[in-house]
Amino acid sequence: MTTDIAAPSAAPSSAGNADSAGAASVTIRNAADVSRLVNSGAAKRSDARIVVAIALGGVFLDAYDLGALAFGIKDVAREFSLSPTGTGLVASAITFGAIIGAFIGGYLTDKIGRYRVFMADMFFFVVAALACAFAPNEWVLGGARFVMGLGVGIDLPVAMAFLAEFSRLSGRGNKAARIAMWCPTWYAAISISYLLVLLLYAVLPDGHTDWLWRLILGFGAVPALLIIAIRSRYMSESPVWAANQGDLQGAAAILRRSYNIHAQVAEEAEHTPAAPARRAAWRNYGELLKGVYLRRTVLATTIAIASSFAYNAVAFGLPVILSTFLAQSMLSTILVSLALNLLFAFAGGLLAVRLVPTFGAWKMTVLGYACQLAALLGLALVGLPDDGGEAAFSIGMLALFLLGQGFGPGSHSMTFASLSYPTSLRGVGVGFNQTLMRASSTLSLFLFPVLSAALGTGVFWVIALAPLVGLVALLAIRWEPAGYDVDAEDFRPV
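Remember, predicted model here, so these are calculated numbers, not experimental data.

Each helix and strand in the protein was counted, giving 22 helices and 3 strands. Evaluated residue by residue, the protein yields a buried proportion of 60% over its 494 residues. Sequence-distant contacts, at least 24 apart, represent 83% of the contacts inside the protein between residues at least 6 apart. By element, 66% of the accessible surface of the protein is carried by carbon and sulfur atoms, the whole surface being about 18,500 Å².

Below, the structure written as structure tokens:
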């Protein structure tokens, strides 16, 4: 397995004392010192769990919207008299926006900093959610979901960059584990959307069930407003990013204010400020396709594309699969979808967070893809169930697929995307990855209604190609990002 070892360098020096509050006192001389402080776990926050939760707010809203529309898409198609193609366009509009948002967001994350982008992108969610709720036609609905996609696309690069630069390198709660938290967050949001659908389905009068999709999509504005308010209180700029810009005083101030480290800039560093490790620029997207980063980019993007294509088809199509292919009622569809996501997808995501520090992202992703491939082949071979036994087997295969997604590619696609690049390239690295992943999502969301209408359960043969491609890429490029100090590459040749 490919392993890169960072060149040894001197650690930031301790002043030998503590300040009056008991915080560690250290002297920093360059950006590498700041990076090592964070990577070693010296930079600690008492509100670490809150910060992780807030950082993943955009992920939550993205998943919530997907789960909400999955149940409402039939009503949307009926209300606006949409063809299967029109239904696919409305469903995939959010990913069209995310393609553009991710590309722009990756650059902005590296250019103007993590905090500013973090605070701005939530407004897209608020405006879009309210517009969806009151959409008079499919064009307004599609446009609102496109705007929401812009917010999603911008948020993911900055969220992953922040988590990578907030966490230590090894041990429990390390970078790989923090980033993998995006996956159970996603499934929690999906489950919450299902619960809200169940609640509204129970209380809405029989003559007004067509309101369901409007209420569920519009409710997305509520958590977005809460996230804006809480982020302004708890979030701060990444000290690693600030130091990489040559602003050691700013990085020291962040470490003192938010990380309980009494950091001081060495006097000689004040007189000879260092230049940024790599200036943010659009041309940095080209750096991802050069040298050692080319192999990592190929692997990370292949994993992301394959994972996204398969998961979006199955997750978004889950209510359709259960209600149409498995002949379940609306209530049964909601309950089975909720159970599958909580017991298998969400649980798998938690396993990923717990086990990745021990086993690494590569092994867990290989195993996850193997489970998905087996599940999709099983669904394709059974086809339309003839009896209760075959229906139970098909539901079991859906459970296996979601479990594999949870502990495998679902969690670690972001690990590969975020930890394959150092701080100076992380924004554009995740942005590039998300741009291609969202393109895959767009294709998947557009094609599933069309292919399922044309092929029936034969659509699973097509979807099975995705985990097969992911497995081939992992076996060809054995790169393990978990536990590797990629940020050190900003300070030495690669």
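Now that the structure is up, let's keep going.
We now examine the pattern of salt bridges. Pairs may arise between side chains of opposite charge once their charged atoms sit close together. Scanning the entire structure with this criterion turns up 11 salt bridges. A salt bridge links R231 to D121; the shortest N-O distance between them is 3.5 Å. Of this pair, R231 sits in helix 10 (residues 221-234) while D121 sits in helix 5 (residues 114-133); the two residues are 110 residues apart in sequence, bridging distant segments of the chain. With its nearest N and O atoms 2.8 Å apart, the salt bridge here joins D487 to R426.

Time to look at the packing of helix 17 (residues 361-382) against helix 19 (residues 409-419). Running from N to C, helix 17 and helix 19 point in directions that differ by 140°, and their axes come no closer than 9 Å. Here helix 17 lies oblique to helix 19, going by the angle between them. The handedness of the crossing between helix 17 and helix 19 is left-handed. Residues A361, W362, M364, T365, G368, Y369 and Q372 of helix 17 pack against P409, H412, T415 and F416 of helix 19. Along the lines of polarity and charge, the residues of the contact of helix 17 with helix 19 split into 6 nonpolar, 5 polar and no charged.

Okay, the environment of V26 next. Among the secondary structure elements, V26 is positioned in strand 2 (residues 24-28). The class for V26 is buried, based on a relative accessible area of 9%. Linking V26 and A263, residues 237 residues apart in sequence, is a C-alpha distance of 5.0 Å.

One turn of an α-helix holds 3.6 residues; hence residues three or four places apart share an orientation. In a regular helix each residue adds 1.5 Å, so 29 residues correspond to 42 Å; helix 6 (residues 138-166) covers 41 Å between its end C-alpha atoms and thus fits that length. For helix 6, the N-terminal capping position is held by N137, with its side-chain oxygen 3.0 Å away from the main-chain nitrogen of W139.

Our next topic: helix 4 (residues 84-111). Spanning 28 residues, helix 4 covers 41 Å between terminal C-alpha atoms, matching the ideal 40 Å at 1.5 Å per step. When the local axis directions of helix 4 are compared, the greatest deviation, roughly 45°, occurs at S92. Immediately beyond the C-terminal end of helix 4, within one or two residues, lies G113, with a positive phi of roughly 105°.

Once that is clear, we can look at the nonpolar core. Counting 136 residues, the largest nonpolar core has L141, M160, F416 and I463 as its most contacted members. Setting aside its immediate chain neighbours within four residues, M160 contacts L56, I179, W182, M414, S418, R426 and V430. Grouped together as the second largest cluster of nonpolar side chains are 8 residues, Y285, L288, Y421 and V428 included.

Moving on: the confidence of the model for the protein. Confidence in the prediction for the protein averages 81 pLDDT; 85% of positions are at 70 or higher. When mean pLDDT is taken per element in the protein, helix 22 (residues 465-476) scores highest with 96 and strand 1 (residues 13-18) scores lowest with 47. For the stretch residues 1-11, pLDDT sits under 50, and the model shows 23 contacts to residues farther than four places along the chain or on other chains. Contacts for the low-pLDDT stretch residues 14-22, under 50 throughout, to residues beyond four places or in other chains number 8 contacts.

Cut-offs applied
- Per chain, the residues get numbers from 1 upward, laid out in the order the sequence is written.
- Residue-level local features of this predicted model are given only where pLDDT is at least 70; pairs of side-chain atoms are given and counted only at 80 or more, and the full residue set underlies all totals for whole chains, interfaces and linings.
- Heavy atoms throughout the structure, all of them, feed into the side-chain values; hydrogens and water do not.
- The secondary structure listing takes helices from DSSP runs of H or I that are at least 4 residues long and strands from runs of E that are at least 2 residues long, numbered from the N terminus.
- Exposure categories follow from relative accessible area, calculated using a 1.4 Å probe and restricted to protein chains: below 20% of the type maximum is buried, above 50% is exposed, and the middle band is partly exposed.
- The contact criterion used is simple: two residues touch if any of their non-hydrogen atoms lie within 4.5 Å.
- The accessible surface values rely on the Shrake-Rupley method and a 1.4 Å probe; as for residues, cover is taken only from the protein chains in view.
- Whenever Lys or Arg places a side-chain nitrogen within 4 Å of a carboxyl oxygen from Asp or Glu, that contact is recorded as a salt bridge.
- Axis lines are fitted to C-alpha atoms, over the contacting stretch for helices. Their N-to-C directions set the angle, which ranges from 0 to 180 degrees.
- Note on terminology: angles under 35 degrees are roughly parallel, angles over 145 are roughly antiparallel, angles of 65 to 115 are roughly perpendicular, and the others are oblique.
- Crossing handedness is read from the near helix: turned anticlockwise from the far helix by less than a right angle, it gives a left-handed crossing, and turned clockwise, a right-handed one.
- Residues are grouped as follows: nonpolar covers Ala, Val, Leu, Ile, Met, Phe, Trp, Tyr, Cys and Pro; charged covers Asp, Glu, Lys and Arg; every other residue, Gly included, is treated as polar.
- Helix span, as expected, comes to 1.5 Å for every residue beyond the first.
- Between N or O atoms, a polar contact is any pair within 3.5 Å; within protein, one atom must be a potential hydrogen donor and the other a potential acceptor, and residues adjacent in sequence are included only when both atoms are from side chains.
- Given a residue, its bend is the angle between the two axes fitted to the seven residues that end at it and to the seven that start from it.
- What is meant by a nonpolar core is a set of buried Ala, Val, Leu, Ile, Met, Phe, Trp, Tyr and Cys residues, joined one to another through side-chain atoms within 4.5 Å.
- Confidence of the prediction at every residue is given by pLDDT, a number between 0 and 100.

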